[in-house]
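# Remarks on the overall topology
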Protein chains: 2
Amino acid sequence: MTSSNYNPVTKEIIGELQRICGEAFVYAGDEKKLDKYSRDKVPEQYGHMPEVVVLPKTAGEISGILKLANREIIPVTPRAAGSGLSGGAVPIYGGILLSVERMDEIIEIDDQNLMAVVEPGVITNKLDEKLRDYGLFFAGYPMSEEFCFIGGNVAENAGGGRAVKYGVTGQYIQGLEIVTPTGDIIQLGGKRIKDVTGYNMVQLMVGSEGTLGIYTRIIIKLLPRPTHRQAVLVLFADAETAIAVVPKIMTAGGMVPTSIEFMDGFTFNLAARRFDEDFPYDKIGAALLFEVDGMQSSVVSQDAATIRKICRNGGAIAEYRASTEEEIERFWKIRKRIPWELLRYTPHQSIEDIVVPIASIPAALSGLQKIGRKYGVAVPVLGHAGDGNLHAVPLKLPDDSVEHWEAILPALLKDIYAMTSEMGGTISGEHGIGHKRRDYMSLVMSETHIDLLRKIKQALDPKHILNPGKIFIY
Amino acid sequence: MTSSNYNPVTKEIIGELQRICGEAFVYAGDEKKLDKYSRDKVPEQYGHMPEVVVLPKTAGEISGILKLANREIIPVTPRAAGSGLSGGAVPIYGGILLSVERMDEIIEIDDQNLMAVVEPGVITNKLDEKLRDYGLFFAGYPMSEEFCFIGGNVAENAGGGRAVKYGVTGQYIQGLEIVTPTGDIIQLGGKRIKDVTGYNMVQLMVGSEGTLGIYTRIIIKLLPRPTHRQAVLVLFADAETAIAVVPKIMTAGGMVPTSIEFMDGFTFNLAARRFDEDFPYDKIGAALLFEVDGMQSSVVSQDAATIRKICRNGGAIAEYRASTEEEIERFWKIRKRIPWELLRYTPHQSIEDIVVPIASIPAALSGLQKIGRKYGVAVPVLGHAGDGNLHAVPLKLPDDSVEHWEAILPALLKDIYAMTSEMGGTISGEHGIGHKRRDYMSLVMSETHIDLLRKIKQALDPKHILNPGKIFIY
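Reading guide: rules and limits
- Residues numbered from 1 in each chain as written.
- Chains lettered and ligands numbered in written order.
- Predicted model: local features only at pLDDT ≥ 70, side-chain atom pairs only at ≥ 80, totals over all residues.
- Heavy atoms only, no water.
- Pairing = 2+ DSSP bridges.
- Helix = DSSP H or I, 4+ residues; strand = E, 2+ residues; numbered from the N terminus.
- Axes fitted to C-alpha atoms, helices over the stretch in contact; angles between N-to-C directions.
- Contact = heavy atoms within 4.5 Å.
- Buried < 20%, exposed > 50% of the residue type's maximum accessible area, 1.4 Å probe, protein only.
- pLDDT = per-residue confidence, 0-100.

Moving on, we come to the sheet that holds strand 2 (residues 52-54) of chain B. All names here are of chain B. On the basis of which strands lie adjacent, the open sheet formed by four strands has the order 1-2-4-3 and mixed pairing. The sheet terminates laterally at strand 1 (26-28) and strand 3 (76-79), the two strands that pair on one side only. Strand-to-strand twist across the sheet, computed as the mean angle between neighbouring axes with direction ignored, equals 20°. Relative to strand 2, strand 1 runs antiparallel, the two being bridged by three bridges. For Ala-28, the partnering residue across the bridge sits in strand 2 and is Val-52. Sitting on the sheet, helix 1 (residues 11-21) is in contact with strand 1, strand 2 and strand 4 (96-99), with an inclination near 155° to strand 1. Along the sheet face, helix 3 (residues 59-72) touches strand 2, strand 3 and strand 4 and points at about 165° away from the line of strand 4.

Inspection of the secondary structure puts Arg102(A) in the loop between strand 4 (96-99) and strand 5 (106-110). When residues no more than four places from it in sequence are discounted, the contact partners of Arg102(A) are Phe25(A), Leu55(A), Pro56(A), Lys57(A) and Glu119(A).

Turning our attention to unusual backbone geometry. Despite not being glycine, Ile73(A) has its phi angle at roughly 55°, a positive value. Take Ile73(A): it is sitting in the loop between helix 3 (59-72) and strand 3 (76-79). The phi dihedral of Asp276(B) is positive, around 55°, even though this residue is not glycine. The class of Asp276(B) is exposed, set by a relative accessible area of 72%.

The next subject is the confidence of the model for chain A. For chain A, the average pLDDT comes to 95, and 100% of its residues sit at 70 or higher. Interface scoring of the predicted complex returns ipTM 0.96; its pTM is 0.96.

All names here are of chain B. Taken in spatial order, the five strands make up an open sheet running 5-6-10-8-9, and their pairing is antiparallel. Taken across any chain shown, the strands that pair with only one partner, and hence form the sheet edges, are strand 5 (106-110) and strand 9 (185-189). Going across the sheet, the axis of each strand differs from the next one's by a mean of 10°, ignoring polarity. Alignment of strand 6 (residues 115-118) against strand 10 (residues 214-221), held across four bridges, turns out to be antiparallel. Looking across to strand 10, one finds that Val-118 is bridged to Ile-218. Together, strand 8 (173-179), strand 9 and strand 10 form the strand contacts of helix 3, whose direction differs from that of strand 8 by roughly 50°. Where helix 4 (residues 124-132) meets the sheet, its contacts fall on strand 5, strand 6 and strand 10, and the angle it forms with strand 5 comes to roughly 35°.

Right, dumping it as structure tokens:
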């Protein structure tokens, strides 16, 4: 599939789209309006302009758009908040960009069944705010909760900072209303915890990056909201010492913390200095940020104390406990600041999302540094140490040229992915393949396996209308 | 598809199977030997004899068998322990019955990555026993743990008594080696917690009832083993009062117990009397069995106390606490005894597996009794009250005729399933569709939805070789 397989969006088609969505909700011709829909949060070179942007409000409208696109052979790229990190929402063959931004209703908080029903355009934090009043919470909670849409979280099976204890987004998705690539509206799952009635289409849709269906309603399992939280920030002289305590927390400590965030010395210092925090910066080789939560203050305190003790015995150089919301947020601010500071450092970077078995984290960290040296780039690392999901961020060094950086990037990524694969890991834990990582899939997946994915795509989307060119090439 | 679409298993084919698996591991001609492979735990009328039984030892052998079957157009029905409750392992079109009983190795307990790797024929309890030494456990734990195979648990996405807190089997399956219906061997997932590299084939395979692939290796996520458990058995005058306390435990109590098992008065008394337990039998209209677990004795005790308090305030007539392993097992014995006692009562029964949103449990319970009265049968109910999964067991009454029972059963089941569907529930939570419930799928699923399942099946198994006639008709 290339763009030459598709037909252009004509005036007549724009007219039909206007009849389906209403004139005000079809953008065409205005470069400025279209521009923001041409990329997500990956660097500009991965972007591509859509021919037309549509903002439907209902599943019925989306069905109409997809039926039209199938008839006219025009690609449709669905988009949530555009905060993705794999180019998943980029309309790489032009065509129709379908934004769910107007489908932003929290339809129901069902506190009897501990379920929420939302549209795909709801911002994650908005749901969280509303759930607070009910003493409930949605455990699938990515780091971009202030702007990401729940529809996008589902499309990429977003992980985030709480996944150690609570798992990823998909674990809480009990039902989906979807529009299939051919325009059928189907209800999958429902307000039920268990379901083995036919294939698990809900979990096939979760993480399918907008290639198998467009979610129009999302049924989310809720949990009682933990009433107590504490955080522990621990500084280490080097990454190896820091990582070595992680499995001990879970085995010797006998607990599963809510979060175990790893920051190497470079990323931690870069962000912490922004907030004028008083840390022994010249000694810091790595930091771990733990969070524990629960229903009982005494247990949460004890868990935090256990973590401190294990870290101290494991060679930490300093630990800081946070027990108020304010103090906890102070620590998280450092962690959340890192991507922005790295971007200030240089826009020539590649935010990676590898996952390795947790016991291979030390080997992965030293492997990443070795690869960095080979190509003459920096490879700072932060990430979710509790689940082996490491955000290595190769960066162009100040004295390196942009040309050199762009020339080496594909080989550098290939080395990182190949190393991950050898360790039994994979190339994306929570950001997705999109088209950024598409051509590297064969490093972690046999051709027979990729063919299996192709067969499923082909079965559901025979004309390759929905988000083509993502995950794999047909 | 009917049996007439398939070719018979000839002497030549048996010869080929013997060359693949070894002569000792191919059973043919001996009715007695074949008989036990003709059914699972559903009544005899759902059984069907295989033409040949094969007991492969490796993925390579299974690949050979499936390639042969595709060439010769012979159905292959995979079988684990045969403890299923939907006819999923019954070779309804004859052909080859493929038993994984020889693939019973626990390949690895990886306590560094908190993962186990097992073959599909491992008995669930055997893994649990082994994990005990490591202070670890596998949270997906069906009630038939003493004989069911892990491969079967995965095929049906088994639930069981701990699903309230820990979820179902699928939640712990991180990787699978499968043989596809056409005989390819593929590695899906791995020892990693997060993975959004292509479609979630692992969870598509989980619960696919042996129709999309045969699992040959299973990678299981393990948790730190809770060091403390307590159980609370609570008796109520009626089901309504019992069920009303369940949501209060989770909302007002602010906890998610490990188990919340419901038994109506009929089933509880039937089983408890077998053990000569001293209960106020004539007053019991329902019973709830709670289990709580954790790492800290004080928390577990407090959780148990909270449950007792909420139950007492909610109108319980008696509560009993168990804090030693022995006492806890004494309570569970009653719960586990029920299916056997119901079978002693009459073999003319149908173990159902409906799921409803938890707030609809009271309505479902009274609806089931109404349906029972309509058809003149008893409908005792037990099940997993915490997740809405109710095992209603319609029974032939002693003075009813077998003919009448058999005549009314399809309409009775249809009424139960239709009621479930109206409540937003479904017809199977953990036992599967198999061929027992196949013809009722349209009560809970649109034809467009079933077609989606068919398309996936068709894409992966174009000749309909693997476990045909299950879940839906092509």
